[in-house]
Protein chains: 2
Amino acid sequence: MSLDIGQLEQAKAGTTVALADLLQAIPFNDQGLVPVIAQDATTQQVLMLAWMDSTAIQRTVDEGYACYYSRSRASYWRKGETSGHVQRVRKIQFDCDADALLLQVDQTGAACHTNRDHCFYLELDLESDACTVRVTQDPPQTK
Amino acid sequence: MSLDIGQLEQAKAGTTVALADLLQAIPFNDQGLVPVIAQDATTQQVLMLAWMDSTAIQRTVDEGYACYYSRSRASYWRKGETSGHVQRVRKIQFDCDADALLLQVDQTGAACHTNRDHCFYLELDLESDACTVRVTQDPPQTK
């Protein structure tokens, strides 16, 4: 019988389920993907949001380094395989509906493809009524 | 002319764009939604991942409290409107591709619908080869 994620809502701390059963229960989207948040295990900065399918999750578990699925390239993407900016995985968490993952990682180099430390460098100005979004980090060329 | 998100990659810190232009440039999915990460502004705990459309983003900006779009209920969802567990928004950030948002929030009460502090209470055991996922927080009834 397949795992009912909803039943885990009432499960006590320490209850365990097999990863294989949880993977079967993940409500992947039409493309077979689920969103994954990468957070720096030390600074707690949220670094990026990317996507994984079942195979990418299993590779990440097996290899200990984040392996995403690139929607733009339609292929697996071992984070850092060309840049060297790998993500050593310290913790993998699933949310209550098992439709989002949270990775705690040790990030080597920049997490963002722009070479910024993280991807969330566009920040809304909430203090004024101007409703402007501000770039908060220089691109690497101007550093 | 519409905003090209890619051009912002090379923009220096302090460069601003209008929120309205950024909203136009967001690559919403087929359902018109984009994933949104809510992070506790104080503890830096990632609380949950939810979804917003353009209207939900604008409401969140205007009201200062997180308003998501519930896919299961197919309606807007002012977080905490029934539970009282509202999220006061301290910061709104967009990522490099403008296809993910990060909110820094002051969370009132539990972030998770199970009444746990946050949604990511299912944790993979990386230390053993057992590949089991463990519930890390009791449900509120057993506290």
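Every residue gets a number counted from 1 within its own chain, in the order that chain's sequence is written. The order in which chains are written sets their letters, starting at A; the order in which ligands are written sets their numbers, starting at 1. Totals for whole chains, interfaces and linings use all residues, but because this is a predicted model, local features are given only for residues with pLDDT of at least 70 and pairs of side-chain atoms are given and counted only at 80 or more.

Student: What is the right way to read the sheet that holds strand E7 (residues 101-107) of chain B from this model?
Tutor: Strand pairing in a sheet relies on backbone hydrogen bonds, with the paired strands running either antiparallel or parallel. Note on pairing: two strands pair once DSSP finds at least 2 bridges between them. Working definition: helices are DSSP H or I runs of at least four residues, strands are E runs of at least two. Numbering for both runs from the N terminus. On the basis of which strands lie adjacent, the open sheet formed by 7 strands has the order E1(B)-E9(A)-E8(A)-E6(B)-E7(B)-E2(B)-E3(B) and mixed pairing. Looking at the sheet topology across the chains shown, the edges are occupied by strand E1 (16-18) and strand E3 (46-52) of chain B. The average undirected angle you get between the axes of adjacent strands in this sheet is 30°. Across the sheet, helix H3 (residues 54-63) of chain B lies against strand E8 (122-124) of chain A together with E3 and strand E6 (87-94) of chain B, angled at about 125° from E3(B), the strand it touches most. Lines fitted to C-alpha atoms define the axes here, with helix axes fitted over just the stretch in contact, and angles between the N-to-C directions of these axes take values from 0 to 180 degrees. This entry defines residue contacts through backbone-placed C-beta atoms, with two residues in contact when those atoms are within 7 Å.

Student: Looking at this structure, how should I read the nonpolar core?
Tutor: The tendency in soluble globular proteins is for nonpolar side chains to be buried side by side. Ranked by size, the top nonpolar core spans 82 residues in total, and within it Val36(A), Ile37(A), Val36(B) and Ile37(B) carry the most contacts. Look past the residues within four positions of Val36(A) in its chain and what remains in contact with it is Leu49(A), Ala50(A), Trp51(A), Met52(A), Tyr68(A), Leu101(A) and Leu103(A). We define a nonpolar core as a collection of buried residues of the types Ala, Val, Leu, Ile, Met, Phe, Trp, Tyr and Cys that are connected via C-beta atoms lying within 7 Å of each other. Working definition of burial: number of other C-beta atoms within 10 Å of the residue's own, with buried at 20 or more, exposed at 12 or fewer, and partly exposed in between, all C-beta atoms being placed from the backbone.

Student: Looking at this structure, how should I read the sheet that holds strand E6 (residues 87-94) of chain A?
Tutor: Ordered by their spatial adjacency, 7 strands build an open sheet running E1(A)-E9(B)-E8(B)-E6(A)-E7(A)-E2(A)-E3(A), and the pairing between neighbours is mixed. In this open sheet, the two edge strands, each paired with only one partner strand, are strand E1 (16-18) and strand E3 (46-52) of chain A. Strand-to-strand, the axes of this sheet are offset by a mean angle of 30°, without reference to chain direction. When E6(A) meets strand E7 (residues 101-107) of chain A, the two strands line up antiparallel, connected through 7 bridges.

Student: Any chance you could explain the pairing of strand E9 (residues 132-135) of chain B here in plain terms?
Tutor: Look at any regular strand and the pattern is simple: side chains alternate between the two faces of the sheet. The alternating pattern of E9(B) places Val133(B) and Val135(B) on a buried face, while none of Thr132(B) and Arg134(B), on the opposite face, is buried. The pairing of E1(A) with E9(B) spans 3 bridges and is classified as antiparallel. Residue pairing for E9(B): Val17(A) is matched across the bridge by Val133(B). Relative to E9(B), strand E8 (residues 122-124) of chain B runs antiparallel, the two sharing 3 bridges. Among the inter-strand pairings, Leu122(B) is bridged to a residue of E9(B), identified as Val135(B).

Student: Please explain the relation of the copies chain B and chain A as it appears in this structure.
Tutor: Two copies of one chain are present, and they are related through a rotation about an axis combined with an axial shift. For the match of chain B to chain A, the screw axis carries a shift of 0.0 Å, the RMSD comes to 0.0 Å, and the turn is 180°. In short, the pair behaves as if placed about a two-fold rotation axis. Residue Gln44(B), judged by its C-alpha, is the member of chain B lying nearest the rotation axis, at 3.1 Å. The overlap is high: 100% of the interface residues of chain B also sit at the interface in chain A, so the same surface is used on both sides. To line up the copies, we fit them by least squares on C-alpha atoms, keeping just the residues with pLDDT of at least 70 in both.

Student: Just checking my understanding: could you explain the interface of chain B and chain A for this structure?
Tutor: The parts lose accessible area when they come together, and the size of an interface is often stated as this lost area. Residue-level contacts link 49 residues of chain B with 49 residues of chain A. The nonpolar class holds Ala, Val, Leu, Ile, Met, Phe, Trp, Tyr, Cys and Pro. Asp, Glu, Lys and Arg form the charged class, and all remaining residues, Gly among them, are polar. In terms of residue class, the side of chain B that touches chain A is made up of 29 nonpolar, 13 polar and 7 charged. Bridge count between E6(A) and E8(B): 2 bridges; the pairing is antiparallel. Bridge pairing links Phe94(A) to Leu122(B) in E8(B).

Student: How should I be thinking about helix H3 (residues 54-63) of chain A in this particular structure?
Tutor: In an α-helix, one full turn covers 3.6 residues, which means residues spaced three or four apart are oriented alike. Residues and elements named next belong to chain A. Considered for burial, the residues of H3 that qualify are Ala-56, Ile-57 and Thr-60. An end-on view of H3 places all buried positions within 105° of arc, on one side of the element. Pointing more than 90 degrees away from the buried face of H3 are the exposed residues Asp-62 and Glu-63. Buried residues along H3 sit in contact with helix H2 (19-25), E3, strand E4 (67-70), strand E5 (75-78) and E6. Taken from the residues just after H3, Gly-64 is the one with a positive phi, measuring 80°. Throughout, the arc means that of the directions going from the helix axis to the C-beta atoms.

Student: Can you help me understand the environment of Val17(A) in this one?
Tutor: Mapped onto the secondary structure, Val17(A) falls in strand E1. Among the residues examined, Val17(A) registers 18 C-beta atoms within 10 Å and is labelled partly exposed. Every residue in contact with Val17(A), bar those within four places of it in the chain, is listed here: Leu3(A), Leu8(A), Leu22(A), Thr132(B) and Val133(B).

Worth remembering: the numbers are spatial, not functional.
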